[in-house]
Amino acid sequence: MSDARKSSGPVLWVTLLLGLLGVGASYALAGAERFWANWILWFVYLLTISLGALFIVALEHLVGARWSVVLRRVPERLSTMLLMLVPVALVALGAVLVIYPGARPEAAQNKILAGKAFWLSFPFFSSRTVLFLVLWLIGLAVLVRGSLKQDESKDPAFNVRARRFAPLFMAFFAFGVTMVAFDWISGLEPEWYSDIFGVYLFAGSFLSGLAATALAIVYLQRRGRLQGVKRDHLYNVGGFMFAFTVFWSYIAFAQYMLMWYGDMPEEIFWYQERIQGPWLALVGLIVLLNFIIPFFALIPRDVKGDTGRLRWVAGLMLAGHLLDLYWLIFPSLGKGVLLSWPELSFALFFGSAALLWVRRAMEVGQDMPVGDPFLQEGLEFRL
Amino acid sequence: MKADAALQRELPEVLRTPELTVGPVTPGSLDDQVLKFPAQKPPRAWYIGFAISASVMTLGLSLIGYTIFTGIGVWGNNSPVFWAFDIINFVFWVGIGHAGTLISAILFLFRKRWRNAIARFAEAMTIFAVMCAGIFPLIHVGRPWLAFWLFPYPNQRALWTNFRSPLLWDVFAVSTYFSVSAMFWFLGLVPDIASMRDRTKNKILKPIYTVLSLGWRGAASHWQHYEKAYLLLAGLATGLVLSVHSVVSFDFAVSLVPGWHMTIFPPYFVTGAIFAGFAMVVIVLVVVREVMDLKNLITDYHLEVMNKVILGMSCLMGYSYFMEGFTAWYSMNEYLHSSFMNLITGTYAWAGWLTISCNVLIPQILWFKKARTSYFWMLLVAMAVTVGMWFERFCIIVISLHKDYLPSSWHLYKPTLVDLGILLGSFGLFFTLVMLFARVLPVIATTEVKAILPGGQPTHQGGGHE
Amino acid sequence: MSEKAFAVLGLFDDADALMAAIPKVREKVSSPVEAYTPYAIHGIEEALGLRRSPLAGMVMVMGFIGAVTALFFQWWMSAVDYPIITGGKAPFSWQAFVPIMFEVTVLFATFTAGLGMLLLLNKLPYFGHPVLHSKAIEGITRDKFALSVEASEGAVDVETARAALLSAGASSVEALPLPATGPSLTAQFILRSILGVVVACGISGLAMYWAIKLFPVLPPMVHMEDQPRLDPQRADDFFRDGHGMQQPVEGTVARGYLPLGVASQDEAAVLVNPLPRTAEVLEKGRAGYTNHCVVCHGPLGNGVPTLTKAYNAKPANLVSQQFRDYPDGKIYWAIVKGKNAMPSYAYDLSEEERWAVVHYVRALQRAQSALPGDLAGAAAGAASGAATKEGGAR
């Protein structure tokens with residue numbers, strides 16, 4: 001255990017406790033709606049990061065990528081955060097009857113919601129969430145636990161199994177992320193719909209997974225670990241971050257532009273809520289952090305392989321993703337930009353919990369999948 | 001460099017690193033095998049193929065002439081189906097072009113070496129497909145000779161074009177796509193034409209090749225800038241693949257026609273384009289590798305990987321169709337709902353079900369390795385996909401238009417023989433161009449394949465590639 | 001006297017041999033060393049000491065210029081020069097300008113990459129380089145690798161170069177003679193480019209001129225002008241008399257000219273004025289009367305015309321008792337059919353306008369036949385009350 005790790009542990013436990021106190025206080029003092037909005041925000045944020053990481057793992061198996069074997073253990077460890085999110089999800093279900101209009105009794109009176117009230121109702125909503133949690137955990141078991149076991153067994157049969165399972169996981173992932181987008185996020189305003197919303201959340205999720213992976217790699221390398229990952233590998237990671245920044249921006253713009261162009265009242269109200277007054281400044285910040293900075297910062301060839309600059313870009317991208325989710329969720333409350341001690345408490349609580357979990361996860365198994373038959377090829381990869 | 005032979009033998013077959021060439025291939029033998037075609041008389045199969053496609057093309061071109069001379073009334077387009085075969089064909093052909101750019105540009109960025117043997121042909125197909133596509137917006141207007149009005153040039157009418165219209169974005173997108181693809185393709189050809197220049201003794205061909213190769217001499221200082229340009233062009237072309245078909249999808253998605261105003265259209269169209277394009281690439285490459293005896297370069301592995309891409313895209317299409325159906329219900333919008341029900345139960349429901357079967361159900365057979373490596377199955381799937389993707393555009397355009405908001409305007413659509421003839425003619429044009437290309441230019445980028453042959457790169461630089 | 005050459009080439013059989021030879025040759029000769037290969041070799045730029053390619057920076061700058069250009073032009077054309085609102089969108093709809101901005105960015109960047117690489121950085125096309133005319137070129141584009149000791153200025157000493165190449169493992173060596181002196185490569189290239197541009201512009205200019213001149217008058221471009229329809233005042237053999245335009249069929253009724261259904265002015269007395277007597281109708285009547293009737297019947301309606309001598313006619317005094325006694329229908333008949341010297345005004349006044357004029361004539365008549373009770377004043381008010389009742393009966 002390095003000294004750095006020894007010192008950061010207690011700090012995180014303190015912030016965790018402080019955050020927990022604030023979280024509890026906000027339930028009592030700040031109102032149930034605000035409490036639940038924060039809970040949902042952090043639930044979805046950490047969920048999209050973990051799922052993004054698991055998607056990276058599954059993708060590597062699906063395409064049989066060899067260069068990335070050296071760093072596959074990192075997203076595998078990040079994805080274990082899904083286990084921490086199970087209780088978070090179950091608590092989050094408490095929000096359904098409070099801030100999700102489709103599940104509330106008033107829905108029966110609403111012309112648009114009445115027809116789909118059964119879909120939006122608590123039993124169906126929660127069963128969907130539970131179902132996908134189970135499917136994702138199955139994915140975790142096959143892909144991550146199998147990989148960890150391979151460290152000892154060195155049996156290539158795992159690669160075959162993972163390769164065959166990966167497409168199935170992609171189905172769990174695709175429909176799961178779509179479910180999260182439609183139920184947990186756009187379900188806050190169930191009269192609105194956008195069929196690209198699942199793709200939009202996927203783009204953000206993949207990017208967050210990549211950014212978190214990049215940050216974790218830099219974290220490990222600064223502690224003298226994971227020396228097998230060279231500039232060449234990081235160049236590819238940076239390249240993916242660049243490419244999917246462009247993809248995310250394209251999806252975000254396409255959805256906005258199409259709704260702006262049609263200008264239909266039943267669609268445009270959702271955007272109008274999100275560009276009024278102070279929200280517009282937040283939009284500018286989101287564009288800056290999610291598009292402008294990563295795009296221009298990742299173009300030069302040097303940066304993509306440079307750990308110093310890469311971690312700044314990755315960090316900003318993760319912050320940008322959080323702000324994006326905040327912008328998606330909070331305007332639905334109709335209470336303006338809420339940024340005060342409740343939000344900070346939640347940030348402290350969940351941020352510390354996530355960091356503590358990830359720190360612990362970084363000790364699980366070997367730093368590289370030493371049992372993988374293609375590790376050597378991955379180590380030898382040069383651009 | 002690559003995983004060592006002993007390890008390869010131990011691994012289960014599905015994990016082994018595939019060989020990208022079969023049998024002994026050296027740079028010299030590669031040149032001899034590929035570059036002999038432009039220099040010799042083509043086999044009889046080529047003459048037959050050329051004759052057939054050229055006749056079909058001529059039929060199509062004459063029908064286009066007839067349409068321009070007489071008017072759009074000779075087509076089946078009528079109120080309310082104002083867009084029909086014309087726009088279906090346009091979207092269809094632009095889509096087919098996208099596979100070429102993906103293979104050529106995106107796979108280059110991913111450093112997938114298997115792309116090198118098929119990139120040249122794929123890029124050529126892109127250019128020919130875009131040429132076929134470009135015909136349709138031109139001829140579907142009432143006065144095609146005024147098509148230059150689409151460009152914003154200063155004029156006596158003091159008018160500018162309407163930049164807010166996606167039809168104009170199309171003009172810029174497709175013309176940019178064509179120029180970029182043509183430049184990318186030509187630049188790739190320059191070193192290969194230099195090889196042809198130095199091999200040929202023919203007094204007419206040598207000066208032609210000399211001029212076309214621009215005096216390329218393979219200088220390392222030139223290669224440096226060349227490779228940089230190629231990388232940059234690959235990156236730019238990748239952006240184009242996303243944007244061009246998205247702009248085409250905007251033609252529909254910005255409107256308010258029920259079933260068209262769906263935000264998923266941009267990525268859905270791009271996916272469909274790659275899907276249809278790969279199917280066409282598979283069909284053409286199967287024929288090429290057999291007729292030109294290139295099975296050692298365009299190997300079973302190449303075909304298998306392409307089939308896997310087709311399978312993946314088919315699953316993504318399934319997701320898109322599911323989202324369309326789900327949203328049609330979830331929106332609780334009676335028009336969207338009715339439009340979707342019309343798709344699966346209306347007069348043209350047969351087209352809707354044909355689309356879903358050909359695009360989502362039939363390709364699922366590619367889960368089986370036997371299907372991925374058997375000509376019969378892969379060609380069956382590829383042709384089903386080609387038909388299915390054409391019909392998908394038919395469903396989107398005709399079905400949504402023939403029954404939209406105002407019941408008094410509802411009307412059936414019937415194509416005329418001229419419509420069908422022009423569609424066939426576009427296939428004729430495409431295959432004629434393909435045949436000409438195969439006759440005159442190297443179908444495999446010999447330079448690029450030489451660079452990935454075993455022993456081709458200096459060993460002490462280290463590193464296997466993916 | 002040592003032999004001089006433009007370059008000395010050494011051939012190698014594979015990439016490894018070439019890469020191994022490069023440092024050995026570089027340390028033995030003072031001239032720059034170039035390599036000629038059938039494909040790009042990884043790592044060769046560093047080995048040869050080549051400077052990094054500036055292409056990426058050039059492309060980024062031009063791409064940015066493309067984006068700004070596209071935005072500027074779309075803004076200026078849509079919001080400044082001729083702002084039109086289409087689809088309810090504001091003139092500066094930046095959201096709608098993004099796709100074209102993107103495409104133009106890619107276009108500028110691509111042409112910079114392609115043409116910049118060829119023309120600027122590699123100075124191609126160029127057909128005069130001695131390597132192209134060497135024996136080695138056939139191998140170079142096929143499967144051989146060449147190392148070349150080349151001088152950018154002056155010439156290369158053949159012996160030194162040959163010795164260096166052979167000792168580094170070249171399988172064969174070739175010396176390329178100096179090219180004939182003439183204008184420098186750059187000058188030739190510039191001249192050729194200018195000539196190319198002039199020729200291209202000339203040909204395309206001529207082509208466009210003839211296209212614009214000739215094209216529009218050829219079918220099918222003229223089909224919309226030459227349509228198969230009957231044009232006014234043109235002959236046509238569809239009808240027996242050869243006229244394109246025909247008279248209406250016997251008994252055709254023009255709109256607004258329905259038959260009155262009465263045969264004489266006396267019978268016209270049965271016609272009833274369909275218009276109410278409102279201020280609006282009277283205004284209309286005044287307008288019609290002023291435009292058509294004043295010239296003969298005078299502004300007061302008393303038959304004192306404003307054109308006395310011109311017509312030598314005696315217009316009726318419309319405010320006289322005779323005409324005060326006329327029913328509305330008879331006045332209407334006179335307008336439609338004319339009376340004596342008065343022509344028909346049926347084509348000057350529509351049916352509605354005619355009845356409005358009748359109302360106005362009645363107003364004139366009333367104005368010219370005042371009753372004692374019409375005077376202003378309280379006493380007159382009571383009398384006028386009675387009088388209006390009488391007048392209203394008229």
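Residues numbered from 1 in each chain as written. Chains lettered and ligands numbered in written order. Predicted model: local features only at pLDDT ≥ 70, side-chain atom pairs only at ≥ 80, totals over all residues. Heavy atoms only, no water.

1. Observations concerning the nonpolar core
Then comes step 1: Among the nonpolar cores identified, the biggest contains 316 residues, and Trp136(A), Trp184(A), Met241(A) and Trp93(B) are the most heavily contacted of them.
Then comes step 2: When residues of this core are assigned to their parent elements, the largest contribution, 20 residues, is made by helix 2 (residues 32-63) of chain A.
Then comes step 3: Contacts of Trp136(A), omitting those with residues within four sequence positions, involve Leu47(A), Leu51(A), Leu54(A), Leu82(A), Phe169(A), Phe172(A), Phe173(A), Gly176(A), Val177(A), Met179(A) and Val180(A).
Then comes step 4: Ile22(C), Ile44(C), Leu147(C) and Ala170(C) belong to the second-largest nonpolar core, a separate cluster that totals 29 residues. (Core = buried A, V, L, I, M, F, W, Y, C linked by side-chain atoms within 4.5 Å. Buried < 20%, exposed > 50% of the residue type's maximum accessible area, 1.4 Å probe, protein only. Helix = DSSP H or I, 4+ residues; strand = E, 2+ residues; numbered from the N terminus. Contact = heavy atoms within 4.5 Å.)

2. Comments concerning the interface of chain C and chain B
Then comes step 1: Each partner contributes to the interface: chain C provides 75 residues, whereas chain B provides 66 residues.
Then comes step 2: Buried area between chain C and chain B, summed over both chains or domains, comes out near 6,100 Å², and the portion from carbon and sulfur atoms is 69%.
Then comes step 3: Across the chain C-chain B interface, the total number found is one salt bridge.
Then comes step 4: Across the pair Asp32(B) and Arg142(C) runs a salt bridge whose closest N-O atoms are separated by 2.9 Å.
Then comes step 5: At the boundary of chain C with chain B, the tally comes to 28 residue pairs in polar contact (both at pLDDT 80 or more).
Then comes step 6: At 18 residues, the largest contribution of residues to the side of chain C that touches chain B is made by helix 4 (residues 94-121) of chain C.
Then comes step 7: A class-by-class count of the residues in the side of chain C that touches chain B yields 50 nonpolar, 14 polar and 11 charged. (Buried area = accessible area lost by both parts, 1.4 Å probe. Salt bridge = Lys/Arg side-chain N within 4 Å of Asp/Glu carboxyl O. Polar contact = N/O pair within 3.5 Å; in protein donor to acceptor, adjacent residues only side chain to side chain. Nonpolar A, V, L, I, M, F, W, Y, C, P; charged D, E, K, R; others polar.)

3. Comments concerning the confidence of the model for chain B
Residues and elements named next belong to chain B.
Then comes step 1: On average, residues of chain B score 92 in pLDDT, and 97% of them are at 70 or above.
Then comes step 2: Across chain B, element-level confidence peaks in helix 12 (residues 349-361) with a mean pLDDT of 97 and bottoms out in helix 1 (residues 5-10) with 69.
Then comes step 3: Throughout residues 461-466 the model reports pLDDT below 50, and contacts reaching past four residues in sequence, or to other chains, amount to 23 contacts. (pLDDT = per-residue confidence, 0-100.)

4. Focus: the packing of aromatic side chains
Then comes step 1: Tallying each qualifying case throughout the model produces 106 aromatic pairs over all chains.
Then comes step 2: Look at Trp42(A) and Phe350(A): their rings are 6.2 Å apart centre to centre, the planes differ by 5 degrees, and that puts the pair in the stacked class. On the criterion of sequence distance, the pair formed by Trp42(A) in helix 2 and Phe350(A) in helix 16 (residues 341-361) is long-range, its members being 308 residues apart.
Then comes step 3: The exposure class assigned to Trp42(A) is buried, which follows from its relative accessible area of 8%.
Then comes step 4: The exposure class assigned to Phe350(A) is buried, which follows from its relative accessible area of 1%.
Then comes step 5: Consider the rings of Phe184(B) and Tyr230(B), whose centres lie 4.7 Å apart with planes at 40 degrees: the pair is tilted. Pair noted here: Phe184(B) is in helix 6 (residues 166-199) and Tyr230(B) is in helix 8 (residues 220-253), with a separation of 46 residues, a long-range link. Exposure class is identical for Phe184(B) and Tyr230(B). Each is buried. (Phe/Tyr/Trp six-rings, centres within 6.5 Å; stacked < 30°, edge-to-face > 60°.)

5. A word on helix 12 (residues 328-337) of chain C
Residue and element names in this part refer to chain C.
Then comes step 1: Of all 10 residues making up helix 12, eight are buried, and the element is well covered by its neighbours.
Then comes step 2: For helix 12, the set of buried residues is Gly329, Lys330, Ile331, Tyr332, Trp333, Ala334, Ile335 and Val336.
Then comes step 3: Looking at the packing, one finds that the buried side of helix 12 touches helix 13 (351-368).
Then comes step 4: Where helix 12 ends, the next residue or the one after it, Gly338, has phi of about 85 degrees, a positive value.

6. Things to note about the sheet that holds strand 3 (residues 33-36) of chain C
All names here are of chain C.
Then comes step 1: Strands sit in the order 3-4-2-6 across an open sheet of four strands; the sheet is antiparallel. The open sheet has two free edges, formed respectively by strand 3 and strand 6 (172-176), since each of these has just one partner strand. Put simply, the sheet's adjacent strands are angled 25 degrees from each other on average, direction ignored.
Then comes step 2: The pairing of strand 2 (residues 7-12) with strand 6 spans five bridges and is classified as antiparallel. Looking across to strand 6, one finds that Gly10 is bridged to Val173.
Then comes step 3: Along the sheet, helix 1 (residues 15-28) contacts strand 2, strand 3 and strand 4 (145-150); its crossing angle with strand 4, the most-contacted strand, is approximately 15 degrees. (Pairing = 2+ DSSP bridges. Axes fitted to C-alpha atoms, helices over the stretch in contact; angles between N-to-C directions.)

7. Here we look at the pairing of strand 2 of chain C
Walk down a regular strand and you will see the side chains alternate between the two sheet faces.
Residues and elements named next belong to chain C.
Then comes step 1: In terms of burial, strand 2 is a largely internal element, six of the six residues being buried.
Then comes step 2: Direction of pairing for strand 2 relative to strand 4: antiparallel, over a ladder of six bridges. If you follow Gly10 over to strand 4, its bridge partner there is Leu147.

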